[in-house]
Amino acid sequence: MRKIQLCLLVLTAAFATGCPKYKPSVDFNNRSSFVNKVNEHFRAKQLEYIAALGTDPNRAQTIRNELLEDALPYIDDAYMGFITDIQRGRDRGNFIADLIELGTSGAVGITKGERSIQILGVALTAFRGGRRSADVNFYKDQSTPILISKMDGNRARVRTTILSREKDGVDKYPIGAAISDIVDYYNAGTLVRAFTELAKDTAVQTKQSEDNVLVLKGVPITKEATPVFAALSKSASNIITGLDADLAGTDAARKDAATKRLQKIVAALEKDKDAAAALKNAGVSSKDDGPKLIDALIDIRAAASMVNNNALLDTINQAIVDNK
Amino acid sequence: MAAQQFTKAYDANMSSLQALETTCEADEANLTAKIISLQLGTDDGVKVTAGKYERARGVKLGNLAFEQYETEVDEQSIKAIHQAKGDTFLFKGEVYVQNKPAKVLVFREK
């Protein structure tokens, strides 16, 4: 007999507590039913909250958190049904019915005993028809997984906020803000919000792409270099680098040899009309010292590169390689 | 004093990534500068690859290696291959090849 009583007790406890308390079969297409259930819950809890607020803020906080935690299963249940439907592939008519958001649409007057109080309620707001056709097209464009993923992400973000704010006292996180967060949680799982967030993401990505594009003006466009041109350029560069190092070093013989080689290079270039003009423009001649000549050669080569004067570069680079 | 910088605009219709690499090596040599970035750009409204260089005297720069990649996995495996060869990773950027954007990793060969 005792065993039977114990089993009954366990089963009763399991059904009373283990099973979700709020497991209504929410018909998401029946807006009134869904909203009424949520508002009914809000009303009952808010009356308790107001009664406790003046005398026991801790109790008020507990009631507020109960309101939050008890309301969320309604919304989760509605959301699960919703995504199951859209994963199955809904027809266009049903889809348009989903384009709704909750709003904290003003106060709902409730008379309780001798005084009337105001509580926040929620209302379903139809999304503007003007957006529907575009949204429907977007929806039909095989984007269901993207939308569900976006909604999941939105919901998780709001849920984290709610969990974090539940630790706050009623002065910092009053019941109105809590209801507002519940509304946000619901809306985070709607297609309307998924579209909005996706549009924001796209805008951010577009901005990033635009930021990554460098806008230049008047820079001569460089065509691809031939392997021969590149090889000669690199050979000349290696020689210039070596001479530069010799001139900067402490070995007098190396400095002297580097200077003589640079003078020989410049003397050869003075015989070429274009190179001679460039040397004259840089204010150097084959009689100048090594550091001045190497600076000039480096600057002339860079200037020629910037305007893609490959003919002049070939002349200078060949002279550098040839004059040992 | 900050090193002198140069910005070059490369034709978006380079025949290959290798061709762009060769062109950048030639520019490093002639500018006496090392490459520091490659990014998509426009030049008077025309799409180009913008290459930035910084003056580098007294160093033999050697050869560059450009590698195209798509995903982060590609990126990591390409880096590992070049690291094994002793190459130095310089930067990642974006370039145009045959008028199409491509993500690239740029290495300096050992």
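Source: prediction; values computed, not measured. (Residues numbered from 1 in each chain as written. Chains lettered and ligands numbered in written order. Predicted model: local features only at pLDDT ≥ 70, side-chain atom pairs only at ≥ 80, totals over all residues.)

Notes on the overall build of chain A
The following threshold applies: Labels follow the DSSP assignment, with helices taken as runs of H or I lasting at least four residues and strands as runs of E lasting at least two, numbered in each case from the N terminus. Three exposure classes are used, all based on how many other C-beta atoms lie within 10 Å of a residue's own C-beta (placed from the backbone): buried at 20 or more, exposed at 12 or fewer, and partly exposed between those limits. A pair of residues counts as a contact when their C-beta atoms, built from backbone coordinates, are within 7 Å of each other.
Scanning chain A from terminus to terminus reveals 13 helices and six strands. Residues classed as buried in chain A amount to 27% of the 324 residues present. Restricting to contacts in chain A with at least 6 residues of sequence separation, those with at least 24 account for 68%.

Concerning the sheet that holds strand 6 (residues 221–222) of chain A
Paired through backbone hydrogen bonds, the strands of a sheet run either parallel or antiparallel to each other. Counted only if it meets this: Two strands qualify as a pair provided DSSP detects at least 2 bridges between them.
Taken together, the five strands give an open sheet; going across it, the order is 5(A)-2(B)-3(B)-1(B)-6(A), and neighbouring strands pair in mixed fashion. What marks the edges here is a single partner per strand, and that holds for strand 5 (214–216) and strand 6 of chain A. Judged from the two bridges that link them, strand 6 of chain A and strand 1 (residues 5–11) of chain B form a sheet pairing that is parallel. Within strand 1 of chain B, the position partnered with I221 of chain A by the bridge is A9 of chain B.

Looking at the sheet that holds strand 6 (residues 100–108) of chain B
Residue and element names in this part refer to chain B. Formally: Axis lines are fitted through C-alpha atoms, for helices just across the contact stretch, and the angle between N-to-C directions can take any value from 0 to 180 degrees.
Taken in spatial order, the three strands line up as 4-6-5 in an open sheet, and their pairing is antiparallel. The open sheet has two edge strands, strand 4 (64–69) and strand 5 (88–97), and neither has a second partner. Within this sheet the neighbouring strands show an average axis-to-axis angle of 30 degrees, counted without direction. Across six bridges, strand 4 lies against strand 6 in antiparallel orientation. Its bridge partner being in strand 6, Y69 is matched across the sheet by K103. Each of strand 4, strand 5 and strand 6 touches helix 1 (residues 17–31); the most contacted strand, strand 4, lies at about 150 degrees to it. Sheet strands touched by helix 2 (residues 72–85): strand 4, strand 5 and strand 6. Its angle to strand 4, the strand with the most contacts, is close to 155 degrees.

Structural notes on the interface of chain B and chain A
For clarity, the cut-off: We call Asp, Glu, Lys and Arg charged. Ala, Val, Leu, Ile, Met, Phe, Trp, Tyr, Cys and Pro are nonpolar, and the rest, Gly among them, are polar.
On the side of chain A, 32 residues touch chain B, which itself brings 32 residues to the contact. Residue assignment for the side of chain B that touches chain A shows that the elements contributing at least two residues are strand 1, helix 1, strand 2 (33–43) and strand 3 (46–55) of chain B. Ranked by residue count, the leading element in the side of chain B that touches chain A is helix 1 of chain B, at ten residues. For the side of chain B that touches chain A, the per-class residue count stands at 13 nonpolar, ten polar and nine charged.

Remarks on the nonpolar core
Residues and elements named next belong to chain A. What counts, and what does not: For this analysis, nonpolar core means a set of buried Ala, Val, Leu, Ile, Met, Phe, Trp, Tyr and Cys residues linked through C-beta atoms within 7 Å.
Formed by 30 residues in total, the largest nonpolar core has its most connected members in I294, L297 and I316. It is helix 12 (residues 290–306) that provides the largest number of residues to this core, a total of seven residues. Once residues lying within four places of it in the same chain are set aside, the contact partners of I294 are I240, L243, D244, L247 and L262. Core analysis: the second largest hydrophobic core is formed by 25 residues, I63, A71, Y79 and Y186 among them.

As for the packing of helix 10 (residues 252–269) of chain A against helix 12 of chain A
Residues and elements named next belong to chain A. Under the convention used in this document: In these notes the angle categories are as follows: under 35 degrees is roughly parallel, over 145 is roughly antiparallel, 65 to 115 is roughly perpendicular, and the rest is oblique. Whether a crossing is left-handed or right-handed is set by the direction in which the near helix is turned from the far one by less than a right angle, anticlockwise for left-handed and clockwise for right-handed.
Running from N to C, helix 10 and helix 12 point in directions that differ by 50 degrees, and their axes come no closer than 9 Å. In terms of orientation, helix 10 lies oblique with respect to helix 12. In this structure, helix 10 crosses over helix 12, and the sense of that crossing is left-handed. Note on element contacts: helix 12 touches helix 10 through G290, L293 and I294, opposite K255, A258, T259, L262, Q263 and V266. Its residues assigned to classes, the contact of helix 10 with helix 12 shows five nonpolar, three polar and one charged.

Quick notes on the environment of E94 of chain B
For E94 of chain B, the location among the structural elements is in strand 5. A sequence separation of 54 residues divides E94 of chain B from L40 of chain B, and the C-alpha atoms of the two residues are 5.8 Å apart. Those residues in contact with E94 of chain B that sit more than four places away from it in its chain are N212 of chain A together with L38, Q39, L40, P101, A102, K103 and V104 of chain B.

Digging into the confidence of the model for chain A
Residues and elements named next belong to chain A. The criterion, for reference: Each residue carries a pLDDT score, the predictor's confidence in it, ranging from 0 to 100.
Model confidence for chain A is summarised by a mean pLDDT of 76, while 69% of its residues fall at 70 or above. A low-confidence stretch, residues 105–119 (pLDDT under 50), is modelled with 22 contacts involving residues beyond four sequence positions or located in other chains. Every residue in residues 126–137 is under pLDDT 50, and counting partners more than four places away or in other chains gives twelve contacts.

Some remarks on the pairing of strand 5 of chain B
Residue and element names in this part refer to chain B. Examined bridge by bridge, strand 5 and strand 6 share nine bridges and lie antiparallel to one another. Note on strand 6: the bridge partner recorded for V97 is K100. In textbook terms, the turn of a hairpin is the stretch between consecutive antiparallel strands, and for strand 5 and strand 6 this stretch comprises two residues, one of which, Q98, has a positive phi near 50 degrees.

Brief notes about the packing of helix 10 of chain A against helix 13 (residues 310–322) of chain A
Residue and element names in this part refer to chain A. Here helix 10 crosses helix 13 at 140 degrees, and the two axes come no closer than 9 Å. Classed by the angle they form, the pair helix 10 and helix 13 counts as oblique. Note on packing geometry: the crossing formed by helix 10 with helix 13 is right-handed. Along its contact with helix 10, which presents I265, A268 and L269, the element helix 13 presents I316, A319 and I320. Class assignment for the residues of the contact of helix 10 with helix 13 results in six nonpolar, no polar and no charged.

Focus on the pairing of strand 1 of chain B
Every other side chain in a regular strand lies on the same face of the sheet, so the side chains alternate between the two faces. The sheet contact formed by strand 1 of chain B and strand 3 of chain B spans seven bridges and is antiparallel. Paired with D11 of chain B across the strands is V48 of chain B, a residue of strand 3 of chain B.

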